[in-house]
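Listed below are the residues making up each chain.
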Amino acid sequence: MTPYFDYAATTPLDPRVEAAMGRVSSLGGDFANPSSDHPAGRLAATAVERASEQARRCINAVDYRVTWTSGATESNNLAILGHVTAQLRRGRDRRRLLVAATEHAAVLAAAQAAEALGFSLEQLPVEADGRLAPATLDAALDDDVALVSVGHVNNETGVVQPLASLAPLIQAAGALFHIDAAQGAGRLPLDASTLGADLVSLSAHKFYGPKGIGALVHHANVRLAPLLHGGGQQQGLRPGTLPVASIVGLGEALALADDEVERERQVSLRDALRDRLAALGGVVVNGAVDGSPHVLNVAFAGVHGDALRSRLADLNVSFGSACSGRAGASHVLRAMARPDALADAAVRFSLGRFTTPADIDFIVERVASDVAALRAISPVWREIRAGRKLSDVYGVTTLPELA
């Protein structure tokens, strides 16, 4: 199997997490329904509470509640639609939602669904490096804003948003602060309490846990309306029998969160990949160069996107979000003012806990060969080789070219 470079889409299950899930067995008794009031049920409930504590501890959300979901998509929907529905039921007047234009589709679509309930949505523009400028947010805030949603780490570019600079502005406006931490939790430190975050979305399969389980970690004073109905589990907020083994897996995965040593190792690998690809020339970095250690998104000038995807089809890389499909250029790169032709020739390489230097060697050699083959027949690349600037070729003011 070729090396895996799609950790941002999903991570492999860590063997230590798998072992913890395996211990949830009939022999231990904690497989039972944690809502059952008998010894086996109480044992299962204890396992669930331990996982809740592991999740809270990882993001420093000691006084928060944990509501288990199927993943970050559901958590984002519960955070946004659950809040706006509760607002309506309580007769509250705030009717504006603010989200960064580069947010995951699960955030954008949930916020768009809230428009049908009478809320207005404003997608805030980002800078060319993908960051939301505090001044941009500040200018949009007023006392009609109900909720602001900003992702911790962008899933396509690895851009880390300046949450510490944004949080005080949101608090001063009296709006709720939602963080989609699917890409950041377990990889980078996140302090929900210090930030004053009201709601944080998590998804286990993004940090070496099992698929199909996530959480919405939310402050106790946040009012949410359920999206699902039919049971009283989780204080009626998210009914359904809890999957104990999966919940244990999520908690264990966060307890094994990457430390500084592992983050530095991934930064070293990512930077080596970036620098060696830059040697090809005509390589544009999409996102701040000091982004998350695990993501590198670059575009190759003078290459047609369809041809590039065809050449790299047997590699474990991504050409955008795994959730987005292929309906044209990425909305994230468009929001960063990348021209469609260049955005369509972008590749996301995402690294992880099991990436090795040999993997970097393999991917560089293969991508360099395929890009060179495509550029050999490209009239656009001939223009660039003749000295024409990338910004002129693609009709934009400037581009963050690596080489």
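Here goes a summary of the coordinates provided. (Residues numbered from 1 in each chain as written. Predicted model: local features only at pLDDT ≥ 70, side-chain atom pairs only at ≥ 80, totals over all residues. Heavy atoms only, no water.)

Scanning the protein chain from N- to C-terminus turns up 15 helices and ten strands. Relative to a compact globule of 403 residues, whose C-alpha radius of gyration would be 22 Å, the protein chain shows 22 Å and is just as compact. With the C-alpha coordinates aligned to their principal axes, the bounding extent of the protein chain is approximately 75 × 50 × 35 Å. Within the protein chain, the proportion of its 403 residues that are buried is 57%. (Helix = DSSP H or I, 4+ residues; strand = E, 2+ residues; numbered from the N terminus. Rg over C-alpha atoms; globule rule 2.2 N^0.38 Å. Buried < 20%, exposed > 50% of the residue type's maximum accessible area, 1.4 Å probe, protein only.)

Buried together is how nonpolar side chains tend to be arranged in soluble globular proteins. Among the nonpolar cores identified, the biggest contains 54 residues, and Trp-68, Leu-137, Val-148, Val-200 and Leu-202 are the most heavily contacted of them. Among the elements that make up this core, the one with the highest residue count is helix H8 (residues 244-255) (six residues). Excluding anything up to four places from it in sequence, Leu-202 contacts Ala-55, Gly-71, Ala-72, Ser-75, Ala-181, Ala-185, Phe-207, Gly-214, Ala-215, Val-217 and Leu-254. (Core = buried A, V, L, I, M, F, W, Y, C linked by side-chain atoms within 4.5 Å. Contact = heavy atoms within 4.5 Å.)

Glancing now at the pairing of strand E1 (residues 64-69). Burial runs high along E1: five of the six residues are buried. Across six bridges, E1 lies against strand E7 (residues 214-219) in antiparallel orientation. In the sheet register, Val-66 faces E7, and the bridge partner there is Val-217. (Pairing = 2+ DSSP bridges.)

Within the structure shown, the criterion is met by three aromatic pairs. Between the aromatic rings of Tyr-4 and Tyr-7, the centroid separation amounts to 5.1 Å while the plane-to-plane angle is 65°, which identifies the pairing as edge-to-face. With relative accessibility at 25%, the residue Tyr-4 sits in the partly exposed group. Residue classification places Tyr-7 among the buried positions, given a relative accessible area of 3%. In textbook terms, an aromatic cluster arises when at least three aromatic residues are bridged by ring pairs, as seen for Tyr-4, Tyr-7, Tyr-208 and Phe-354. (Phe/Tyr/Trp six-rings, centres within 6.5 Å; stacked < 30°, edge-to-face > 60°.)

A positive phi is found at Asn-60, a non-glycine position, where the angle reads about 50°. The partly exposed category is assigned to Asn-60, whose relative accessible area is 29%. Its identity is not glycine, yet Gln-234 carries a phi of approximately 55°, on the positive side. Among the residues examined, Gln-234 registers a relative accessible area of 11% and is labelled buried.

Before going further, it helps to spend a moment on the environment of Leu-254. Considering the arrangement of structural elements, one finds Leu-254 in helix H8. A relative accessible area of 4% places Leu-254 in the buried class. Sequence separation between Leu-254 and Phe-207 is 47 residues; the distance between their C-alpha atoms is 7.3 Å. Not counting the four nearest positions on each side in its chain, Leu-254 is found in contact with Gln-54, Ala-55, Cys-58, Ala-185, Gly-186, Leu-202 and Phe-207.

Moving on: the pattern of salt bridges. Inspection of the entire model under this criterion finds 27 salt bridges. Across the salt bridge formed by Asp-129 and Arg-131, the nearest N and O atoms sit 3.0 Å from each other. Using a relative accessible area of 25% as the deciding quantity, one classes Arg-131 as partly exposed. Asp-344 is the salt-bridge partner of Arg-309, the closest N and O atoms lying 3.3 Å from each other. Placement of Arg-309 in helix H10 (residues 305-311) and of Asp-344 in the loop between helix H12 (340-343) and strand E10 (346-350) is noted, with a sequence separation of 35 residues between them. Look at the salt bridges and you will find they share partners, linking Asp-14, Arg-16, Asp-258 and Arg-353 into a network. (Salt bridge = Lys/Arg side-chain N within 4 Å of Asp/Glu carboxyl O.)

Turning to H8, a few remarks are in order. Taking 1.5 Å of rise per residue, twelve residues should cover 16 Å, and H8 covers 16 Å from first to last C-alpha, within 8% of that figure. Here H8 lies mainly inside the structure; ten of its twelve residues are buried. Taken as a whole, H8 has its buried residues at Val-244, Ser-246, Ile-247, Val-248, Gly-249, Leu-250, Gly-251, Glu-252, Ala-253 and Leu-254. Looking at the buried side of H8, the elements it contacts are helix H1 (15-22), helix H2 (39-58), E1, strand E6 (199-203) and E7. (Expected span 1.5 Å × (residues − 1).)

Along the polypeptide, Ser-292 turns up in the loop between strand E8 (283-285) and strand E9 (295-300). A relative accessible area of 1% places Ser-292 in the buried class. Those residues within four positions of Ser-292 in sequence are excluded, and the remaining contacts are Val-153, Gly-158, Val-160, Leu-188 and Arg-270.

For E9, a buried count of six out of six residues is recorded, marking the element as mostly surrounded by other parts of the structure. Residue alternation in E9 divides its side chains into two sets, Val-295, Asn-297 and Ala-299 and Leu-296, Val-298 and Phe-300, and both sets are buried. Examined bridge by bridge, E8 and E9 share three bridges and lie antiparallel to one another. Within the sheet, the bridge partner assigned to Val-284 lies in E9 and is Ala-299. With five bridges joining them, E9 and E10 adopt antiparallel strand pairing.

Across the sheet, which stays open at both edges, the seven strands sit in the order E1-E7-E6-E5-E4-E2-E3 with mixed pairing between neighbours. Each end of this open sheet is capped by a strand with a single partner; those strands are E1 and strand E3 (120-124). Each strand of the sheet is rotated relative to its neighbour by a mean of 20°, with strand direction disregarded. On top of the sheet, helix H3 (residues 72-89) reaches E1, strand E2 (96-100), strand E4 (145-151), strand E5 (176-180), E6 and E7; it is set at about 155° to E6, its chief contact. (Axes fitted to C-alpha atoms, helices over the stretch in contact; angles between N-to-C directions.)

Let's shift gears to the packing of helix H9 (residues 260-278) against helix H13 (residues 357-375). At a minimum axis distance of 10 Å, the contact between H9 and H13 shows a crossing angle of 20°. In terms of their interaxial angle, H9 and H13 are classed as roughly parallel. Regarding H9 and H13, the two cross each other, and that crossing is right-handed. Touching Leu-269, Leu-273, Arg-276 and Leu-277 of H9 are Pro-357, Ile-360, Asp-361, Ile-363, Val-364 and Val-367, all from H13. Taken together, the residues that form the contact of H9 with H13 break down as eight nonpolar, no polar and two charged. (Parallel < 35°, antiparallel > 145°, perpendicular 65-115°, else oblique. Left-handed = near helix turned anticlockwise from the far one by under 90°. Nonpolar A, V, L, I, M, F, W, Y, C, P; charged D, E, K, R; others polar.)

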